[in-house]
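Each chain, written out:
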Amino acid sequence: MMRSFLFVPADSERKLAKAEDANADALILDLEDAVQAAERPRARALAREFLTSRRNQGRENTWVRINPYDSEEAADDLEAVMPAAPAGIVLPKPPGADAAVRLAQALDRLEDEHTILRGQTRILPLCTEHPRALFSLDSYIGSTPRLAGLSWGAEDLAAAVGASTNRDENGDWLPTYTLARSLCLIAAAAASVPAFDTVYTDFRDESGLARYARAARRDGFRGMLAIHPAQLAIINEAFLPDRQEIERARRIVALFEAQPDAGALALDGQMIDRPHLLQAERVLAAIDDTPKD
Ligand code: COA
Ligand code: MG
């Protein structure tokens with residue numbers, strides 16, 4: 001189960017070293033916005049080295065964020081890291097699902113070239129960073145079997161629309177970004193892949209992150225991106241169902257099992273029907289060995 005992805009700027013040996021023991025479900029070595037153009041060649045070499053050493057330790061959960069697929073840099077990024085077989089590619093600023101499809105075709109060739117199993121490399125698009133993308137998010141449906149989920153970003157979208165900020169005075173998303181976030185969530189559901197919420201940039205605000213992540217899970221996100229190792233434990237916990245939810249889910253499943261012909265049933269004075277059963281089954285499927293108290 002993927003709950004937390006940690007971004008690690010690939011030009012920072014210090015952060016790469018720190019990331020070795022970080023408790024992330026997956027790492028994302030960044031070659032894009034967190035790395036200056038002049039540092040990219042070095043970052044690519046470091047990313048490749050890191051991926052290789054990780055694979056040698058049997059850890060296969062390392063992703064790479066390349067530059068936008070239509071930039072000249074993306075080809076160099078892929079050339080550098082594909083020999084080391086990353087778990088997947090995080091795709092920034094795609095104008096639409098077409099960029100993911102073309103990336104998938106490039107990966108077909110690169111996997112063959114480096115004798116990697118065809119289709120092994122997954123793709124995670126940041127599907128709202130380009131303003132045009134928001135008008136065609138349904139095109140992710142059936143786009144490529146490599147699609148591992150959808151995530152979104154608010155910083156590039158804000159820059160694209162010319163906004164001076166994307167949050168209000170309480171730190172909550174302004175309407176443009178709430179819209180983008182919801183569209184990402186809905187598009188992911190339509191494409192039958194998980195949605196991952198975007199980064200929480202105020203990395204010292206642990207209680208704010210905990211609240212945000214719980215709300216994200218409540219809304220339907222399956223995990224979240226992180227920018228700092230201290231965010232991981234909070235995110236990992238927030239995306240597990242709590243005991244009350246698990247108990248309720250067990251009761252709903254049991255109730256329907258006891259009355260298999262019923263469409264709608266009553267539980268604690270509330271109507272429950274098929275969507276509730278599906279949600280209860282999802283909660284039970286998501287339980288770790290150690291559900292939180
Ligand atoms: N991955 C790995 N290690 C990280 C890290 C990350 N994303 N963020 C911080 N660390 C390390 C630091 O290097 C430091 O290690 P050290 O004790 O060996 O020096 C330790 O964790 C504590 O870091 P801290 O001092 O609290 O933060 P910082 O000021 O060094 O870094 C940021 C703050 C925001 C610059 C940093 O967290 C970062 O680079 N995040 C990722 C940015 C990114 O990738 N953005 C692109 C996606 S939006
Ligand atoms: Mg960006």
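What you see is a predicted model; the values in this text were computed from it and never measured. Just so you know, the residues in each chain are numbered from 1, in the order the chain's sequence is written. Throughout, the order in which chains and ligands are written sets their labels, letters from A for the former and numbers from 1 for the latter. pLDDT decides what is reported in this predicted model: residues at 70 or higher carry local features, side-chain atom pairs at 80 or more are listed and counted, and totals for whole chains, interfaces and linings draw on all residues regardless. Side-chain calculation: all heavy atoms of the structure are included, whereas hydrogens and water are not.

Visitor: Is there a simple way to explain the side chain of Asn166 in this structure?
Guide: Along the polypeptide, Asn166 turns up in the loop between helix H5 (155-161) and helix H6 (175-190). Here Asn166 falls in the buried class, since its relative accessible area comes to 7%. By the criterion applied in these results, polar contacts are pairs of N or O atoms within 3.5 Å in which, for protein atoms, one can donate a hydrogen and the other can accept it, and in which residues neighboring in sequence qualify only through two side-chain atoms. A polar side-chain atom of Asn166 sits 3.3 Å from the main-chain carbonyl oxygen of Ala154. Note on contacts: a residue pair is in contact if any heavy atoms of the two residues lie within 4.5 Å. Each residue touching Asn166, except ones within four places of it in the same chain, is listed here: Ala154, Glu155, Ala158, Asp172, Trp173, Leu174 and Tyr177. Secondary structure elements follow DSSP: runs of H or I of four or more residues count as helices, runs of E of two or more count as strands, with numbering from the N terminus. Relative accessibility under 20% of the residue-type maximum defines a buried residue, over 50% an exposed one, and the middle range a partly exposed one, all with a 1.4 Å probe and only protein chains included.

Visitor: Please explain the domain arrangement of the chain as it appears in this structure.
Guide: One frequently used descriptor of interface size is the decrease in accessible area upon assembly of the parts. For each domain, the first and last residues come from an automatic or database assignment. Structurally, the chain comprises domain 1 (4-238) and domain 2 (243-289). Computed over C-alpha atoms, the centres of domain 1 and domain 2 are 33 Å apart.

Visitor: For this particular structure, what's the right way to read the coordination of the magnesium ion (ligand 2)?
Guide: Working reference: metal with six octahedral donors, ideal angles 90 or 180 degrees; metal with four tetrahedral donors, ideal angle 109.5 degrees. Coordination of the magnesium ion (ligand 2) by the protein is provided by Asp33 (OD) and Asp156 (OD), with metal-donor distances spanning 2.0 to 2.1 Å. Here Asp33, found in the loop between strand E2 (26-30) and helix H2 (40-56), pairs with Asp156, found in helix H5; they are 123 residues apart in sequence, far enough to count as distant. The class for Asp33 is partly exposed, based on a relative accessible area of 46%. With a relative accessible area of 18%, Asp156 lands in the buried category. Atoms of type N, O and S within 2.8 Å of a metal are treated as its donors, and for Na, K and Ca the window is 3.2 Å; water is not considered, so some sites may appear to be missing partners.

Visitor: I would appreciate a short explanation of H2 in the present structure.
Guide: The periodicity of an α-helix, 3.6 residues per turn, causes residues three or four places apart in sequence to face the same way. Under the convention used throughout, the expected extent of a helix is 1.5 Å for every residue step, that is, one less than its residue count. Its 17 residues give H2 an end-to-end C-alpha distance of 24 Å, which sits within 8% of 24 Å, the value for a rise of 1.5 Å per residue. Within the span of H2, buried status applies to Arg40, Ala43, Arg44, Leu46, Ala47, Phe50, Leu51 and Arg54. One face of H2 carries all of its buried residues, which in axial projection span an arc of 165 degrees. Within H2, the exposed residues directed more than 90 degrees away from the buried face are Pro41, Glu49 and Asn56. The inward-facing, buried residues of H2 contact helix H1 (13-19), E2, strand E3 (62-65) and helix H3 (72-81). Each C-beta atom gives one direction from the helix axis, and the arc is the one those directions make.

Visitor: Teacher, can you tell me more about H6 here?
Guide: Counted at 1.5 Å a residue, the expected span for H6 with its 16 residues is 22 Å, and the 22 Å between its end C-alpha atoms agrees. Looking only at H6, the buried set comprises Tyr177, Ala180, Arg181, Cys184, Leu185, Ala187 and Ala188. The buried residues of H6 occupy an angular sector of 165 degrees when projected down its axis, which confines them to one face. Of the exposed residues in H6, those oriented more than 90 degrees away from the buried face are Pro175, Ile186 and Ala189.

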